[in-house]
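As a plain string of letters, each chain reads:
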Amino acid sequence: MSSLKFELLKQSERSKARRGRITTLHSVIETPVFMPVGTQATVKALKPEEISDMGARIILSNTYHLYLRPGHELIKEAGGLHKFMNWDGSILTDSGGFQVFSLGKLRKISEEGVKFQSHIDGSSHMLTPEKVMEIQTALGSDIMMAFDECAPYPADRNYVKNSLERTSRWLKRCKEAHWNTEKQALFGIMQGGMYKDLRKLSAEQIVEMDLPGYSIGGLSVGEPKEIMYDVMDECVDYLPKEKPRYLMGVGSPDCLFEGVARGIDMFDCVLPTRIARNGMVFTSEGKLSIKNKKYERDFTPLDHKCDCYVCRNYSRAYLRHIFKANEILSSMLLSHHNIYYLVNLMKEIRLAIEEDRFEELRTRFYEETGDTWKL
RNA sequence: UCCAAGGUAGCUCAAUGGUGGAGCACUCGGCUGUUAACCGAUAGGUUGUGGGUUCGAGCCCCACCCUUGGAG
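Residues numbered from 1 in each chain as written. Chains lettered and ligands numbered in written order. Predicted model: local features only at pLDDT ≥ 70, side-chain atom pairs only at ≥ 80, totals over all residues. Heavy atoms only, no water.

J.: Would you mind showing me how to read the pattern of salt bridges here?
T.: A side chain with one charge may pair with a side chain of the opposite charge, provided their charged atoms come close. Per the counting criterion, the structure on display carries 29 salt bridges. Ionic pairing is found between Glu-112 and Arg-173, a salt bridge with its closest N-O pair at 3.7 Å. A residue pair is termed long-range when its members are at least 10 positions apart, and Glu-112 in the loop between β7 (107–109) and β8 (114–117) and Arg-173 in helix α7 (residues 157–177) qualify at 61 residues. For Glu-112, a relative accessible area of 44% gives the class partly exposed. Salt-bridge contacts for Glu-204 lead to Lys-200; the nearest nitrogen and oxygen are separated by 3.7 Å. Of this pair, Glu-204 and Lys-200 both sit in helix α8 (residues 196–207), four residues apart, roughly one helical turn. (Salt bridge = Lys/Arg side-chain N within 4 Å of Asp/Glu carboxyl O. Helix = DSSP H or I, 4+ residues; strand = E, 2+ residues; numbered from the N terminus. Buried < 20%, exposed > 50% of the residue type's maximum accessible area, 1.4 Å probe, protein only.)

Written out as structure tokens, the structure is:
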């Protein structure tokens, strides 16, 4: 019995969009799917049952952060990450590869792995493919990500090539260190920066490993959207149709549409929760900054088309007030709305694909949200 | 009534006699595998009032007004 099953339910004929279903030990996940991010074993400001009630069946957490604090051994002792954080759906754990990018000044890369200086206490730690697999095995995630290097943008071709080839070698080591194959699936990560031929090279090297799923990494790292879409166009074609494709770190509503249209099945992003804590929300009419004075006496809901708990019970005026007053409830309510918005958006997208009207939904989305998502 | 300390941005406070600043608040913007309840920008001033000394005063001198504390 395999740790992960992917069924391709429908392939759209007018685009690469497709409907699928992933089954892991903990849940059945309808795709395309958006995965909320819970880096430190919590989707910030939200209770697991809220996320579950919205219909989300999978969330993402992070190897690097949990290894540093509270430590993977402790989580193993607690009975695994699911039990520890009270989440009974599926969990995908990122490998710490993104931290190679985001903690740029605090790390040193070698063939063996990456030496990090903890951003918490400055202590030194070595993450290797083997170590990362050990940590993710202890956490007990349903989907483990291979250890990769997320190259910065811009980066010169030579750097990107060396980096991607090392990532491929690290993937091989991850696979060799992967023993809990009955319960946990390992995904490989494509790199290659903005160079299409390098994307192809990376894809060939990782697909050869015959893994249950593949992701596209190294995008949405500061490049213009046109470039990201352009690279995505090609990337997907290099990945097998019968395996789930995961675009890492992408999650603005427009990018979700563009990703789905290009054949992506899975997405994750900190955007909805982060911008919520900073007073920004998604609505059916585009972005809305609850900080703006124009909402001071606006007693209507955030989004009149939304039927989430927040939109059913609170006004913009109230949400503005608690945000300005720096009340904790502000983060809770705005995060709830934003996650609901994306989870629901994906639900609509799945239905549209089933009914052969994804393109119409996509067009309508851009019409209704105006220039909010302009490139 | 006397004594003391003090009056500088909306608030709390900086500023050897030499171009009046900061934090917070306000207004706006940004955030894409979380080092982020974060970061950035705009705006905001007759330095309590009136005199004086000085090339030059928020700062020194005089008077007055106001605030706080103490004494009676």
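J.: Can you walk me through helix α9 (residues 225–235) in this structure?
T.: Note on helix geometry: an α-helix contains 3.6 residues per turn, so any two residues three or four positions apart are oriented the same way. Buried within α9 we find Met-228, Tyr-229, Val-231, Met-232 and Cys-235. Taken around the axis of α9, the buried residues stretch over an arc of 165°, which confines them to a single face. Where α9 is buried, its residues meet β11 (185–190), α8, β12 (213–216), β13 (245–247) and α10 (253–261). (Arc of directions from axis to C-beta. Contact = heavy atoms within 4.5 Å.)

J.: Honestly, α7 in this entry has me stumped. Any pointers?
T.: Here α7 contains 21 residues, and its C-alpha end-to-end distance of 30 Å stays within 8% of the 30 Å for a straight helix at 1.5 Å per residue. Contact partners of the buried residues in α7: β7, β8, α6 (129–139), β11 and α8. (Expected span 1.5 Å × (residues − 1).)

J.: Looking at this structure, I do not really get the packing of α9 against α10. What am I missing?
T.: For any two helices packed against each other, the geometry is given by the interaxial angle and the distance between the axes. Following both chains from N to C, one finds α9 and α10 inclined at 20°, their axes separated by 10 Å at the closest point. In terms of their interaxial angle, α9 and α10 are classed as roughly parallel. As for how α9 packs across α10, the hand of that crossing is right-handed. Residues Lys-225, Met-228, Tyr-229 and Met-232 of α9 form the contact with α10, whose participating residues are Asp-254, Cys-255, Glu-258 and Gly-259. Of the residues that constitute the contact of α9 with α10, the class distribution is four nonpolar, one polar and three charged. (Axes fitted to C-alpha atoms, helices over the stretch in contact; angles between N-to-C directions. Parallel < 35°, antiparallel > 145°, perpendicular 65-115°, else oblique. Left-handed = near helix turned anticlockwise from the far one by under 90°. Nonpolar A, V, L, I, M, F, W, Y, C, P; charged D, E, K, R; others polar.)

J.: What should I look at first to understand the sheet that holds β8 in this one?
T.: Hydrogen bonds between backbone atoms are what pair the strands of a sheet, whose relative direction is either parallel or antiparallel. A sheet is described by the order of its strands in space; here three strands give the open sequence β7-β8-β9, paired in antiparallel fashion. The sheet is open, and its two borders are formed by β7 and β9 (124–127), each paired with just one other strand. Each adjacent strand pair in this sheet contributes to an overall mean axis angle of 15°, direction not counted. (Pairing = 2+ DSSP bridges.)

J.: Could you clarify how one ought to interpret the protein's contact with RNA strand B in this entry?
T.: Taken together, 42 residues surround RNA strand B, and among them Ser-102, Cys-150, Ser-220, Val-270 and Lys-324 come closest. For RNA strand B, the fraction of protein-proximal atoms (within 4 Å) that sit in sugar or phosphate groups is 52%. Contact between RNA strand B and His-65: a sugar or linking oxygen at 3.3 Å from a side-chain N or O atom of the residue. Take Arg-277: an N or O atom from its side chain is 3.0 Å from a phosphate oxygen of RNA strand B. For the surface near RNA strand B, the elements supplying multiple residues, two or more each, are β5 (58–62), α5 (97–102), β14 (266–269), α11 (271–277) and α13 (316–324). With five residues, the top contributor of residues to the surface near RNA strand B is α11. (Near = heavy atom within 4 Å. Polar contact = N/O pair within 3.5 Å; in protein donor to acceptor, adjacent residues only side chain to side chain.)

J.: Help me out: how do you make sense of the environment of Glu-149 in this one?
T.: Residue position: Glu-149 is located in the loop between β10 (143–145) and α7. The spacing of Glu-149 and Ser-90 is 59 residues in sequence and 25 Å in space, taken between C-alpha atoms. In this structure Glu-149 touches Val-100, Ile-109, Tyr-159, Ser-163, Arg-166, Thr-167, Trp-170 and Gln-191, once residues within four positions along its chain are discounted.

J.: Before we go on, may I ask you to explain the confidence of the model for chain A in this structure?
T.: Keep in mind that low pLDDT regions are not for reading the predicted coordinates in detail. Mean pLDDT over chain A: 97, with 99% of residues reaching 70 or higher. Under the prediction, the complex receives an ipTM of 0.93, its pTM being 0.96. (pLDDT = per-residue confidence, 0-100.)

J.: Can you walk me through the side chain of Thr-273 in this structure?
T.: Turning to its location among the elements, Thr-273 is positioned in helix α11. Given a relative accessible area of 4%, Thr-273 falls into the buried group. If sequence neighbours within four positions are ignored, Thr-273 has contacts with Val-43, Lys-44, Ser-335 and Ile-339.

J.: Help me understand the nonpolar core, please; the structure alone is not making it clear to me.
T.: Taken as a class, soluble globular proteins show a tendency for nonpolar side chains to be buried jointly. Counting residues in each nonpolar core, the largest one holds 94 residues, and the members touching the most others are Ile-216, Phe-267, Leu-302, Leu-319, Ile-349 and Phe-358. A total of twelve residues in this core trace back to one element, the largest contributor, which is helix α14 (residues 328–354). Ignoring anything within four residues of it in the chain, the contact list for Phe-358 reads Ser-15, Ala-17, Phe-257, Val-260, Ala-261, Ile-349, Ala-352 and Ile-353. Listed in part, the 18 residues of the second largest apolar core include Val-33, Val-37, Met-248 and Met-266. (Core = buried A, V, L, I, M, F, W, Y, C linked by side-chain atoms within 4.5 Å.)

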